[in-house]
Each structure stands twice: as C-alpha cells, then as structure tokens.
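Letter by letter, the chains look like this.
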Amino acid sequence: MSEAHLDALPTTVGSFSCYVFTSDGRLLLTMRGHAKKTWSGVWANSCYGHPAPGETLPEAVSRTLRDELGLTARAELILPASRHGMRADGVLTGELCPVYRVVTDEPPRPDPVEVGDFEWVRWAEFVYAVATGDVTVSPWCPPQVNELSALGDDPVRWPVADVEFPTAA
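The structure presented is a predicted model; accordingly, all values stated were derived computationally and were not measured. Counting starts from 1 at the beginning of each chain's written sequence and moves along it residue by residue. Under the rules for a predicted model, residues below a pLDDT of 70 receive no local features and side-chain atom pairs below 80 are neither given nor counted, while totals for whole chains, interfaces and linings still include all residues. The basis for every side-chain value is the complete set of heavy atoms in the structure, and neither hydrogens nor water enter the calculation.

Chemist: Just give me the short version of the overall build of the protein, but keep the residues and values in it.
Modeler: Scanning the protein for helices and strands turns up four helices and nine strands. Secondary structure elements follow DSSP: runs of H or I no shorter than four residues count as helices, runs of E no shorter than two count as strands, and numbering proceeds from the N terminus. Overall, the protein shows an N-to-C arrangement of helices and strands of α-β-β-β-β-α-β-β-β-β-β-α-α. Working definition: with a 1.4 Å probe on protein chains only, accessible area under 20% of the residue-type maximum means buried, over 50% means exposed, and in between means partly exposed. The buried share of the protein, taken over its 169 residues, is 46%. Contacts: residue pairs with any heavy atoms within 4.5 Å of one another. Summarising the internal contacts of the protein: among those between residues at least 6 apart in sequence, 72% fall at separations of at least 24. Put simply, the protein shows about 8,500 Å² of open surface, and 53% of that area lies on carbon and sulfur atoms. Only the protein chains shown count as cover for residues, and the accessible areas themselves come from Shrake-Rupley with a 1.4 Å probe.

Chemist: Could you give me a rundown of empty space enclosed by the protein, with the residues and numbers involved?
Modeler: Throughout, the protein atoms alone are placed on a 1 Å grid, and a set of points is a cavity if a 1.4 Å probe fits but cannot get out or a pocket if it is open with protein on both sides within 12 Å along at least five of seven lines; lining residues have an atom within 4 Å of a point. Grid points are joined across faces, edges and corners, and a volume is the space filled by probe spheres set on the points. For the structure shown, the criterion picks out one cavity of 30 Å³ or more. Contributing to the lining of the largest cavity are 13 residues, with T30, R32, S46, C47 and E68 lying nearest its centre. Of all the elements in the fold, those that place two or more residues in the lining of the largest cavity are β2 (26–32) and β4 (47–49). With three residues, the top contributor of residues to the lining of the largest cavity is β2. Here the lining of the largest cavity is composed, by residue class, of six nonpolar, three polar and four charged. Ten residues, namely Ala, Val, Leu, Ile, Met, Phe, Trp, Tyr, Cys and Pro, are considered nonpolar, four, namely Asp, Glu, Lys and Arg, are considered charged, and the remaining ones, Gly among them, are considered polar.

Chemist: For helix α3 (residues 123–132), give the residues involved together with the corresponding values.
Modeler: Because the α-helix completes a turn every 3.6 residues, residues three or four places apart line up on one side. Restricting attention to buried positions, one finds in α3 the residues W123, F126, A129 and V130. Buried residues of α3, viewed axially, fall in a sector of 125°; they line one side. Residues A124, E125, Y128 and A131 are exposed on α3 and point more than 90 degrees away from its buried face. Looking at the buried side of α3, the elements it contacts are β1 (16–21), β2, β9 (115–122) and α4 (141–149). Following α3 by one or two positions, G133 has its phi on the positive side, about 80°. Directions pointing from the helix axis toward each C-beta atom define the arc.

Chemist: Kindly report on the pattern of salt bridges, identifying the contributing residues and their values.
Modeler: Within this document, salt bridges are pairs made up of a side-chain nitrogen of Lys or Arg and a carboxyl oxygen of Asp or Glu, the two lying within 4 Å of each other. Considering all chains together, one arrives at eight salt bridges under this definition. The closest approach of N and O atoms between D154 and R157, which form a salt bridge, is 3.1 Å.

Chemist: Mind laying out the packing of α3 against α4, listing which residues take part and the relevant values?
Modeler: Under this scheme, a helix contributes an axis fitted over its contacting stretch, all axes are lines through C-alpha atoms, and angles between N-to-C directions fall in the 0 to 180 degree range. Where α3 contacts α4, the axes come no closer than 10 Å and their chain directions differ by 130°. As summarised for this structure, α3 and α4 are arranged oblique, according to the angle between their axes. The hand of the α3/α4 crossing is left-handed. Between α3 and α4, the contacting residues are W123, F126, V127 and V130 on the first element and C141, P142, V145, L148 and S149 on the second. Relative orientations are named as follows: roughly parallel for angles under 35 degrees, roughly antiparallel for angles over 145 degrees, roughly perpendicular for angles from 65 to 115 degrees, and oblique for any other angle. The sense of a crossing depends on the near helix, which, turned anticlockwise from the far helix by less than a right angle, makes the crossing left-handed and, turned clockwise, makes it right-handed.

Chemist: Kindly report on the nonpolar core, identifying the contributing residues and their values.
Modeler: Note that soluble globular proteins tend to have their nonpolar side chains buried in a common cluster. Ranked by internal contacts, the top residues of the largest apolar core, which has 20 residues, are Y19, W123, F126 and L148. Counting only elements with at least two residues in this core, the list comes to β1, β2, β5 (75–79), α3 and α4. With four residues, α3 is the single largest residue contributor to this core. In this structure L148 touches Y19, I78, L79, V99, W123 and W158, once residues within four positions along its chain are discounted. Membership of the second largest hydrophobic core comes to 17 residues, among which are C47, A60, L69 and V115. As used in this record, nonpolar core signifies buried Ala, Val, Leu, Ile, Met, Phe, Trp, Tyr and Cys residues forming a set joined through side-chain atoms within 4.5 Å.

Chemist: For the environment of G25, give the residues involved together with the corresponding values.
Modeler: Here G25 is to be found in the loop between β1 and β2. Residues in contact with G25, not counting those within four places in the same chain, are V121, W123, P155 and V156.

Chemist: Give a detailed account of the pairing of β2, specifying residues and quantitative values.
Modeler: For β2, the tally of buried residues reaches six of seven residues, placing the bulk of the element in the interior. Here the rule is simple: two strands pair whenever DSSP picks up at least two bridges between them. Relative to β9, β2 is paired through seven bridges, and the arrangement is antiparallel. Its bridge partner being in β9, L27 is matched across the sheet by V121. Note that β2 and strand β3 (residues 43–44) share two bridges and pair antiparallel. In the strand pairing of β3, M31 is matched with W43.

Right under this line is the structure:
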C-alpha cells in the first residue's frame, strides 16, 4: 500500500509490534500459530498484539511477551509513529502500530497455540531476506524492518523513544 493511501486511512493506536533481540543482536523470529485467524503459519517479528480495554501499550506488550513467548523482559519503545495499512478478511485497516524492542538472553518458552515455530537470526541477514523476498513475512513486517534499519546496524544500540500513549478504550 502506498504512503498516500495510508495517509487517507483513519489512524488509531490499535496494535503494537515487538522485536526481541539477544545481547549480541540476534532476532527472535516467530511463525504465527497455525490456529491464528489471520496470517496463520506466516513468519513475523517476535510478537504483535493489541491492548485490552483499559490497558496501556507497555502493559499490553508485557502481557503478550509473557503469554505468547514466556518472556518477562522489559520492552522499550523504539518507533512510536510507525503505522501500517493492511487488509484482513476484506477489511482495510490503518492504525498506528508502535514498535518496541526487547534485549534479553532469556530463552523463550512459546505458547504453541500462539507461536508455530521460532528461530534466532542475525538482524542483517533478516533485513536482507525481507528486502529480497527470500522470506515471506507478515504484511506489517517489511515496512517496520525498513524503519528499524534506518536506525542503524546494531539493534541493541537503537535509540529509545520518549513518548507515552493513552490507555486503550
């Protein structure tokens, strides 16, 4: 979807993405669970989710990391203004999708319903595979990878944003 088309869509903070890295910069790449309603069995970033009513984005990220990946690490907001437009079940969405980063050497304990598979990959190799189409990923992933890559080659050293979001309705 072009940026012009994305600009025409309503923009709300309705989702978030999180990229989990080890201290040496390897990315936790996950395959969405095969029972997921949308994009099941597709490789994506470490986790993606939505805040529950009354939940802040940081709380939602922590809950999703814990429930889907078995991780208790602290997430840091990296891209507060990232957004995407995608079509699911015939519905075109346009929403802010802030991107968070976690740096941890804690091993994941994924919920097999939520995560079909996972692997640790070098960030530069993943960026290249997404850019060349060598890996098929969720529709929100390529634009985020482009934005994140612009922050530098070392994901552990990306700057942290200083923005707060309202609680979900």
